[in-house]
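Observations on chain architecture
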Amino acid sequence: MINSIEGRLTGLTLTHAYINTDSGIEFSILVSSQTSSAIMGYLAKKESVKLYTLLIHREDAMYLIGFKDIAERKLFEELNSISGIGVKQALKILSGMSTREFIEALDKGDVKKISSIPGLGVKTAQKILIMLRENLVE
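Residues numbered from 1 in each chain as written. Predicted model: local features only at pLDDT ≥ 70, side-chain atom pairs only at ≥ 80, totals over all residues. Heavy atoms only, no water.

This paragraph deals with the overall build of the protein. For the protein, the count of helices and strands is six helices and five strands. Across the protein, helices and strands are ordered from the amino to the carboxyl terminus as β-β-β-α-β-β-α-α-α-α-α. What you see for the protein is a C-alpha radius of gyration of 15 Å, in line with the 14 Å of a compact globule of 138 residues. Oriented by its inertia axes, the alpha-carbon framework of the protein measures out at about 45 × 35 × 25 Å. By sequence separation, contacts in the protein at least 24 residues apart represent 48% of the contacts at least 6 residues apart. By element, 50% of the accessible surface of the protein is carried by carbon and sulfur atoms, the whole surface being about 7,800 Å². The average position of the 17 basic charges and that of the 16 acidic charges among the side chains of the protein differ by 5 Å. (Helix = DSSP H or I, 4+ residues; strand = E, 2+ residues; numbered from the N terminus. Rg over C-alpha atoms; globule rule 2.2 N^0.38 Å. Contact = heavy atoms within 4.5 Å. Areas by Shrake-Rupley, 256 points an atom, 1.4 Å probe, with all protein chains shown as cover. Lys, Arg positive; Asp, Glu negative; His and termini not counted. Charge placed at Lys NZ, Arg CZ, Asp CG, Glu CD.)

Moving on, we come to the packing of helix 2 (residues 70–80) against helix 3 (residues 87–96). Between helix 2 and helix 3, the least distance of the axes is 9 Å, while the angle of their chain directions is 135°. With respect to helix 3, the element helix 2 is oriented oblique. Helix 2 and helix 3 meet at a crossing whose hand is right-handed. Where helix 2 approaches helix 3, its residues Glu72, Leu75, Phe76, Leu79 and Asn80 are matched on the opposing element by Val87, Ala90, Leu91, Ile93 and Leu94. Of the residues assigned to the contact of helix 2 with helix 3, the class counts are eight nonpolar, one polar and one charged. (Axes fitted to C-alpha atoms, helices over the stretch in contact; angles between N-to-C directions. Parallel < 35°, antiparallel > 145°, perpendicular 65-115°, else oblique. Left-handed = near helix turned anticlockwise from the far one by under 90°. Nonpolar A, V, L, I, M, F, W, Y, C, P; charged D, E, K, R; others polar.)

Moving on, we get to the side chain of glutamate 72. Topologically, glutamate 72 is positioned in helix 2. Buried charge without a salt bridge: glutamate 72, with lysine 68 as the nearest opposite-charge side chain at an N-O distance of 4.8 Å. Once you skip the residues sitting within four places of it in the chain, glutamate 72 turns out to touch Ser32, Gln34, Thr35, Phe67, Leu94 and Thr99. (Buried < 20%, exposed > 50% of the residue type's maximum accessible area, 1.4 Å probe, protein only. Salt bridge = Lys/Arg side-chain N within 4 Å of Asp/Glu carboxyl O.)

Right, let's get into the packing of aromatic side chains. Under the definition given, this model contains one aromatic pair. Pairing phenylalanine 67 with phenylalanine 76 gives two aromatic rings, centres 5.3 Å apart and planes at 50°, and the pair type is tilted. Look at phenylalanine 67 and you get buried, because its relative accessible area is 1%. (Phe/Tyr/Trp six-rings, centres within 6.5 Å; stacked < 30°, edge-to-face > 60°.)

Laid out in structure tokens, this is it:
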């Protein structure tokens, strides 16, 4: 597993970060819009940025996903473990609200708030709540 990547941020969109490492390799990394917003300042400053990563290899695709912190990566892993929620859906959920807000909504059992994330229906929100509430809420 690639735990993290550190280097100069050379490009950024709402869904991708491009990081050039000291070894000369530039990585294209999928990110949530939350992570994209958090690292935006590094683009202009040309300072080194570190993203915690997760490499997912599927039969038909490989994904290198970057996260602003370990908590976001853990939430992604939990979301991705739910049947019917894949990489892109999990990233949409992470883009819809911060990790802290999401865990608070789980804690309160707030299906309405979770289902307010674009592209996430009430049934999926209920499924997420049932599957993750005991794992992520302490």
